[in-house]
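Coordinate inspection notes
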Amino acid sequence: VGSVSHPELESLKRFLSQEALDAYPDCGEKLANGGSIHEEWVYFKYLSFAESSGLDHICQFKFPPLENDSSQHRMDSIEDYSWAAQFAQYLQYKSLVEGYTYRMWEWYSAVFLWKTSSPAPTFR
């Protein structure tokens, strides 16, 4: 099993330019690059944490919520975005393991996490 992988901020700083870091996928707040993803993020195969329903597992940690939007946002920097991405990734892997261990030894005999950390700089 596996999920989306998002590098830590220190790793991002190693392979993305400062311009790309400043244009992080910001949940539509700044609409950097006209609302699209920066070309460097695309080059390194950025994959969002959004479901087909539109729920973005990173943007859900934005405070205050979109309904009560104000100028004070939790996602106003790459540091905040990276923290939310790491937390979303933690919750996804936690759910994966809990789901498989629920019926461990009845339906499954093992759980393998495959490629949780890519050897190349990438977002997948």
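Each value, and the rule that gives it
Residues numbered from 1 in each chain as written. Predicted model: local features only at pLDDT ≥ 70, side-chain atom pairs only at ≥ 80, totals over all residues. Heavy atoms only, no water. Helix = DSSP H or I, 4+ residues; strand = E, 2+ residues; numbered from the N terminus. Expected span 1.5 Å × (residues − 1). Buried < 20%, exposed > 50% of the residue type's maximum accessible area, 1.4 Å probe, protein only. Contact = heavy atoms within 4.5 Å. Phe/Tyr/Trp six-rings, centres within 6.5 Å; stacked < 30°, edge-to-face > 60°. Salt bridge = Lys/Arg side-chain N within 4 Å of Asp/Glu carboxyl O.

This part takes up the environment of Phe61. Looking at the element boundaries, Phe61 is found in the loop between helix H3 (39-43) and helix H4 (78-102). C-alpha of Phe61 to C-alpha of Trp83: the two residues are 22 residues apart in sequence and 9.7 Å apart in space.

What follows concerns H4. Between its first and last C-alpha atoms H4 spans 36 Å; for 25 residues at 1.5 Å apiece the expected length is 36 Å, and the two agree. For H4, every residue scored as buried is listed here: Ile78, Tyr81, Ser82, Ala84, Ala85, Ala88, Gln89 and Tyr93. In this fold, the buried residues of H4 make contact with helix H1 (9-15), helix H2 (18-22) and H3.

As a further point, take the packing of aromatic side chains. Inspection of the entire model under this criterion finds seven aromatic pairs. On the basis of an interplanar angle of 65 degrees and a centroid distance of 4.8 Å, the ring pair of Phe15 and Phe44 is categorised as edge-to-face. Separated by 29 residues along the polypeptide, Phe15 in helix H1 and Phe44 in the loop between H3 and H4 bring together distant segments of the chain. Residues Phe15 and Phe44 agree in their burial class; the two are buried. Centroid distance Trp41 to Tyr81: 6.3 Å. Interplanar angle 80 degrees. Geometry classified as edge-to-face. One end of the pair, Trp41, is in helix H3; the other, Tyr81, is in helix H4, and 40 residues separate them in sequence. Of the two residues, Trp41 and Tyr81, neither departs from the other in class, the shared state being buried. The structure contains a cluster of three or more aromatic residues connected by ring pairs, namely Tyr24, Trp41, Tyr46 and Tyr81.

Looking now at the side chain of Ser82. Position of Ser82 relative to the elements: it lies in helix H4. Contact partners of Ser82, with chain neighbours within four places excluded, come to His6, Pro7, Glu8, Leu9 and Leu12.

Under the counting rule described, the total for this entry stands at two salt bridges. With a shortest N-O distance of 3.0 Å, Glu98 and Lys94 are connected by a salt bridge. With a gap of four residues between them, Glu98 and Lys94 both fall in helix H4, about one helical turn apart. Owing to a relative accessible area of 43%, Glu98 belongs among the partly exposed residues under this scheme. Here Arg103 makes a salt bridge to Glu106, at a shortest N to O gap of 2.9 Å. Take Arg103: its relative accessible area is 25%, and that puts it in the partly exposed class.

Even without being glycine, Lys45 reaches a positive phi, approximately 60 degrees. Along the chain, the position of Lys45 falls in the loop between H3 and H4. Within the chain, Trp105 stands out as a residue other than glycine whose phi angle is a positive 75 degrees. Tracing the backbone through its elements, the reader meets Trp105 in the segment after H4.

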